[in-house]
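# Examining the three-dimensional arrangement
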Amino acid sequence: MNLFSKLVNDVSRLWANYASAYLGGMWSTLKLAVVATVIGVLIGLVCGILNTIPCGKNDSLPRRVLLGLIRFVVRAYVEIFRGTPMVLQAVFIYYGLPYFSNNTLRFDDIWAAAILIVSINTGAYMAESVRGGIISVDPGQTEGAKAIGMTHVQTMVNVILPQAFRNIIPQIGNNFIINIKDTSVMFIIGFTEFFAFHRYITGVNNMYFPSATIEMIGYLTMTLVASFLLRWLEKRLDGSDNYELVSDDQLVMAAGTYSYPDRGSPFDERHKPSREAVIQEVKFGRNRGER
Amino acid sequence: MADTILEIRHLSKSFGSHEVLKDIDFTVSKGDVTAIIGASGSGKSTLLRCVNLLETPTSGEILFHGKDVTGRGVNAPEYRSHVGMVFQSFNLFNNMTVLENCIVGQVKVLKRSKAEARETALRYLQYVGMAPFINARPRQISGGQKQRVAIARALAMGPEVLLFDEPTSALDPEMVGEVLAVMQHLAGEGMTMLVVTHEMAFARDVSTQVVYMNQGVICEQGPPADVLENPQRQETRDFLARFRKN
């Protein structure tokens, strides 16, 4: 108990001295994670969409070659950036570019470098998630859209992507939370986010454990808030569980002046007997005499 | 005939080495209600999907108002917008409400204004008795209701032919009636329809032409009175006898 109160004491002392540093670090971490996740998801969407362009035997040769090439490039991108650690990618890009181009190409802005690296890393993961999200939408949806004359692009934009996007939100959430945590490796290129301040502060005063406690609580707070917001977004996109029935009068009023050609409907009063007859017939079969 | 809408000529379709459709020939004129019957696996659905170009025919021609639509360089989406299709599994867009389902095609494909599309959609939803449910989502309504919305969605595009691919096979017996009632009413109004069905009563009473398919070929076709009541071929007789027993 004594040790515990000592920890509380240390933590509050650290916090009193360095609150602005910790909070600033959290803010940088969040900004980087949000921006990089958004850009990464966009990269993933583009890759996933490019990867699912239908390509049949009937298509012309140039089209097939082009699509094959696109698929190869996307595949290579995904495999390379998924298969190497982000720390190394950061080093490779941040220090590699100036090395390779005799200092003509380099990042003057550490933010740009960090965002680029985390984004393309997220994009590589999201590309596969998006592809999965697209192919997991029921093929009947595509057929329904084609059957009313939609082109591939119209089908994608109006029918498939909204549903695929809904399906990949958990994946986006995963990546966002991973990004909040994994941006800590950006210290390697000198990007100061939440974890960098831990290193800086403990370098000054040696209070490793209390500082780590603050870091833990800080990261957990950020990820919990992120999870909560994503769940909320999911619910919003699902729409309401309930719906209101609309009466016919309201429809006429809402549609303003519309003039029916009165062809009647099988569901109006006039057709009730014939409608009932069909329903009865299906339920009970017809009478012997009518066969 | 002058008002021939669809002409299927020597249509064949293979999946690999399996020939599903062999040399299919038939004609659909304006106002025809053609019922395609036959056992499962006889190629009925494939035939219908070929007509709508959801499957690419291996050989043969499909003439729509005299123009072949199977060749390269044919604008398939444009052609499909004239040929409505209703599926066994409804295929309503899950991310939209009932009303949006009926509007989206008109706005995106036919480039109608939102207001006009809404009006047309409401008219046809009222026609199929689904107007009160415009704000519901597909997952919230029953199978029969979904199928009626699917019919309204197809009608809203103003198609010249409506294709029905076993529209009642996925429905409870209770709901079959409400869908058949709509189809019967449509037929009465002169809509040209091509219906793959197992509902023999519907074929007998509503259709003007019955096509019996067996193992990928058209075994017998003609007016329902001939094919259903007085079949010429032994296969047709066997098939109908099996049906009567059930």
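Preceding this section is the structure that the text describes.
First, a word on scope: everything that follows refers to the structure included in this document.

The rules behind the values
- Residues numbered from 1 in each chain as written.
- Chains lettered and ligands numbered in written order.
- Predicted model: local features only at pLDDT ≥ 70, side-chain atom pairs only at ≥ 80, totals over all residues.
- Heavy atoms only, no water.
- Helix = DSSP H or I, 4+ residues; strand = E, 2+ residues; numbered from the N terminus.
- Rg over C-alpha atoms; globule rule 2.2 N^0.38 Å.
- Buried < 20%, exposed > 50% of the residue type's maximum accessible area, 1.4 Å probe, protein only.
- Areas by Shrake-Rupley, 256 points an atom, 1.4 Å probe, with all protein chains shown as cover.
- Pairing = 2+ DSSP bridges.
- Contact = heavy atoms within 4.5 Å.
- Axes fitted to C-alpha atoms, helices over the stretch in contact; angles between N-to-C directions.
- Salt bridge = Lys/Arg side-chain N within 4 Å of Asp/Glu carboxyl O.

### Focus: the overall build of chain B
Secondary structure summary: chain B contains 9 helices and 10 strands in total. Since a compact globule built from 246 residues should have a radius of gyration of about 18 Å, the 18 Å found for chain B is in line with a globular shape. Once the C-alpha set of chain B is aligned to its principal axes, its extents read approximately 55 × 45 × 35 Å. Counting across all 246 residues of chain B, residues that qualify as buried make up 60%. As presented, chain B carries roughly 9500 Å² of accessible surface, and 46% of it is formed by carbon and sulfur atoms.

### Side note on helix α1 (residues 44-51) of chain B
Residue and element names in this part refer to chain B. Most of α1 sits out of view: 7 of its 8 residues are buried. Within the sequence span of α1, burial applies to Lys44, Thr46, Leu47, Leu48, Arg49, Cys50 and Val51. Just downstream of α1 lies Leu53, where phi reads positive at about 60 degrees.

### Some words on unusual backbone geometry
Residue and element names in this part refer to chain B. Non-glycine residue Glu166 carries a positive phi angle of around 40 degrees. Here Glu166 lies in the loop between β7 (161-165) and α6 (173-188). Phi at Gln215 is positive, roughly 50 degrees, even though this residue is not glycine. If you trace the backbone, Gln215 turns up in the loop between β9 (209-214) and β10 (217-222).

### Side note on the sheet that holds strand β4 (residues 59-64) of chain B
All names here are of chain B. Ordered in space as β2-β1-β4-β5, the 4 strands form an open sheet in which the pairing is antiparallel. Of all strands in the sheet, those bounded by a partner on one side alone are β2 (18-29) and β5 (67-68). Pairing analysis gives 5 bridges linking strand β1 (residues 4-15) to β4, with the strands arranged antiparallel. Of the residues in β4, the one forming a bridge with Glu7 is Leu63. Strand contacts of α1: β1, β2 and β4, with the helix running at about 120 degrees to β1, the strand carrying the most contacts.

### Structural notes on the pattern of salt bridges
A side chain of one charge can pair with a side chain of the opposite charge when the charged atoms of the two come close. Inspection of every chain in the model, using the stated rule, returns 13 salt bridges over all chains. With its nearest N and O atoms 3.3 Å apart, the salt bridge here joins Glu79 of chain A to Arg75 of chain A. Here Glu79 of chain A and its partner Arg75 of chain A are both found in helix α2 (residues 61-82), 4 residues apart, which amounts to about one turn of the helix. Relative accessible area serves as the criterion here: at 37%, Glu79 of chain A is assigned to the partly exposed category. Of the charged contacts in the structure, one is a salt bridge between Glu7 of chain B and Arg9 of chain B, with a shortest N-O distance of 3.4 Å. Using a relative accessible area of 33% as the deciding quantity, one classes Arg9 of chain B as partly exposed. Residues joined by salt bridges that share partners form a network here, namely Lys6, Asp10 and Arg13 of chain A.

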